[in-house]
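# Overview (structure and organization)
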Amino acid sequence: MVFESFDHQALDTTKLFSDYLKWDKGIRGFFPSGDFKSIDSYAKCAKLYKNASQPERDSVANALRIFNQRFHPTNETLENIEKLRDSETFTVTTGQQTVLFGGPLYTFFKAVSVIHLSRVLSQKLSKTVIPVFWMADEDHDYEEISETFIPSQADLTKIKLHNHQSGANAAGKIALPDEIQKLHELLGSVLQDTEFKAEVLKVLSDFWSPGKNWVDAFGCQLMHYFGKYGLVLAGSVDHEIKKLVSPVIKKAVKHADELEHSLKIVSEEMASTYHKQATWQGTTLFYHHPEKGRLKISRENGQWVTESEKWTTDELLSLVDEKPEIFSPNVFLRPVFQQHLLPNIAYIGGPSEVAYHAQMKTFFFETGVFSPIIVPRFSACFVEPAIARIYSEISFEYPDYKQRIEDLHKKYVKLQDDENSAAFFKSWRQEFLDLTKHKKNFLAEKDASLKGAVQSFEARTIKEIDKLEQKLTRALKQKEQVQLKRINRISEAFFPDSKPQERKINALYFMGKYGLSFFDDILNQLFNELDFSTKHQLIFIQ
């Protein structure tokens, strides 16, 4: 693999994310834990965590050990969980929705990022730092998690689990239906026939099978590929883990006014320079109704209400003590769950997650935990050999292909509008006419009857030059059409369906085509530095 780096700014990222990567003075106030590129920031967070009030280490390790048993953990993963009992052990966490068949490339990029950063920090801090992947097992967006995409020879193939009555259940409560078998068959028909295809399909059939829990399937897939690096899986739908984070739920109830005020103040502060990623919805909690699924809890007239329940504050707190598992966090509270449970000194996320954390700069403090260092995830686009060959022949760079295909075509045609060719033929005609003018006069003086013959010769010759110009024009247009088709291919490879490749294409496409160690190779090539994610990488597969 060959890496070529591009600034995120060239890919039209947000001003907030761009400023964060540069650690601009204007952004620093929204990230109190410091610059993710400075090892001193991590050392400071490690000290802060040791002085923080968190769940007892043995309880956390016991809960995570039980939780990970569902995913056929490796010895390396179990050993890392045991290391959490030591107060000198810390974690780096990332997270993602449990998308069908592992989802788009950036799911695996997050796993690569958290493994890589934990290695770097272990070395630079001389402490044990382990990687954790937090699965969004309480997510309810079935439409979003139920589809994935694989490139095929003809088009981009959508693989979607249709007609499944998930109701409003959390992902961690969904059982895979019999229809999942049809998706295995579809995937098998789309993936190219290689020596790696059978193994990729076998892994999926082992884990994504009828009757299996959706999150278990996702977790087993992650563990299969990354467990050898000691990756620990976590989630909050689990009863024991929810008990450990129940103090956060109670704080969200007791200090609801302060939390709302905190978010509003910071959101207004951000609005003067940056965008706010999310809007306050009046609560940070959801309630799991046994029949209606997840319901938002709102506050009305001093009480806590859903569409079917109503509690006083004391009643709600008692219910949290009794059944913490029936409550789940919103996008703002989930990071606090993670930070409360884990000895976390860093969180790895994409641009949107960086923006969420900027908005939460005082939210962590209000809930009694400190903010981790926010680290951008590894970001990349793969260039297959066939695409690399035609990419090198066209004078566009990778960021150009984010434009609309119609605009790219116009830009290319304009670049190819060869005025030199027209000038060449114009000059040729004039030179010929200038040359024959003297000859024509000489012959006319000798024999006036030859003047017409010479004029006829001039006309025929000019016509032949015109024909040559037309032939060249047709050849250039034909070549132009070939190149326009190539531009289409490159654009679809880099930005399929007008989305960045990493946000659209399932990772299994590349593993099935180029080998099961595909992401291991990337890990081995990452630089042993903290700024591994400050650039977007164009990776040429060889």
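Everything here concerns the structure above.
What you see is a predicted model, and the numbers here were worked out from it, not measured in a lab. (Residues numbered from 1 in each chain as written. Predicted model: local features only at pLDDT ≥ 70, side-chain atom pairs only at ≥ 80, totals over all residues. Heavy atoms only, no water.)

## A look at the side chain of Ser113
The cut-off we apply is this: Secondary structure elements follow DSSP: runs of H or I of four or more residues count as helices, runs of E of two or more count as strands, with numbering from the N terminus. Accessibility here uses a 1.4 Å probe with only protein chains present; expressed as a share of the type maximum, an area under 20% marks a residue as buried, one over 50% as exposed, and anything in between as partly exposed. Any pair of residues with heavy atoms lying within 4.5 Å of one another is described as a contacting pair.
Note on placement: Ser113 falls in helix 6 (residues 105-125). The exposure class of Ser113 is buried, given its relative accessible area of 0%. In contact with Ser113, not counting residues within four places along its chain, are Ile348, Arg377, Phe378 and Phe532.

## A word on the layout of surface pockets
To keep it simple, the criterion reads: Cavities and pockets were defined on a 1 Å grid built over protein atoms only: a cavity is a set of grid points that admits a 1.4 Å probe from which the probe cannot escape, a pocket is an open set flanked by protein on both sides within 12 Å along at least five of seven lines, and lining residues are those with an atom within 4 Å of any such point. Grid points are joined across faces, edges and corners, and a volume is the space filled by probe spheres set on the points. All residues other than Ala, Val, Leu, Ile, Met, Phe, Trp, Tyr, Cys, Pro, Asp, Glu, Lys and Arg, Gly among them, are scored as polar; the first ten of these are nonpolar and the last four charged.
Its volume calculated, the second largest pocket comes out at about 620 Å³. Taken together, 26 residues make up the lining of the second largest pocket; nearest its centre are Pro151, Ser152, Glu384, Ala493 and Tyr509. Ranked by residue count, the leading element in the lining of the second largest pocket is helix 21 (residues 508-514), at four residues. For the lining of the second largest pocket, the class distribution of residues is 16 nonpolar, five polar and five charged.

## Remarks on unusual backbone geometry
Of note, the phi angle at Asp497 is positive, near 55 degrees, even though the residue is not glycine. Looking at the element boundaries, Asp497 is found in the loop between helix 20 (450-494) and helix 21. One non-glycine residue, Ser498, lies in positive phi territory at about 65 degrees. On the secondary structure map, Ser498 appears in the loop between helix 20 and helix 21.

## Things to note about the packing of aromatic side chains
Going by this rule: Think of it this way: a Phe, Tyr or Trp ring, Trp meaning its six-membered ring, pairs with another when their centres are within 6.5 Å, and the plane angle makes it stacked under 30 degrees, edge-to-face over 60, tilted otherwise. Counted as over-ring charges are cases with an Arg CZ or a Lys NZ within 6 Å of the ring centre that also lie within 35 degrees of the ring normal.
Enumeration according to the criterion identifies 39 aromatic pairs in this entry. Centre to centre, the rings of Tyr398 and Phe494 are 5.2 Å apart; their planes meet at 80 degrees, and the pair counts as edge-to-face. Of this pair, Tyr398 sits in the loop between helix 17 (385-391) and helix 18 (405-416) while Phe494 sits in helix 20, placing them 96 residues apart in sequence. With respect to class, Tyr398 is no different from Phe494; both count as buried. An aromatic cluster is built from Phe108, Phe109, Tyr225, Phe226, Phe378, Phe382, Tyr509, Phe510, Tyr514, Phe518 and Phe519, whose rings are joined through pairwise contacts. When the ring centre of Phe30 is taken as reference, the NZ or CZ atom of Lys361 above it lies at 5.1 Å.

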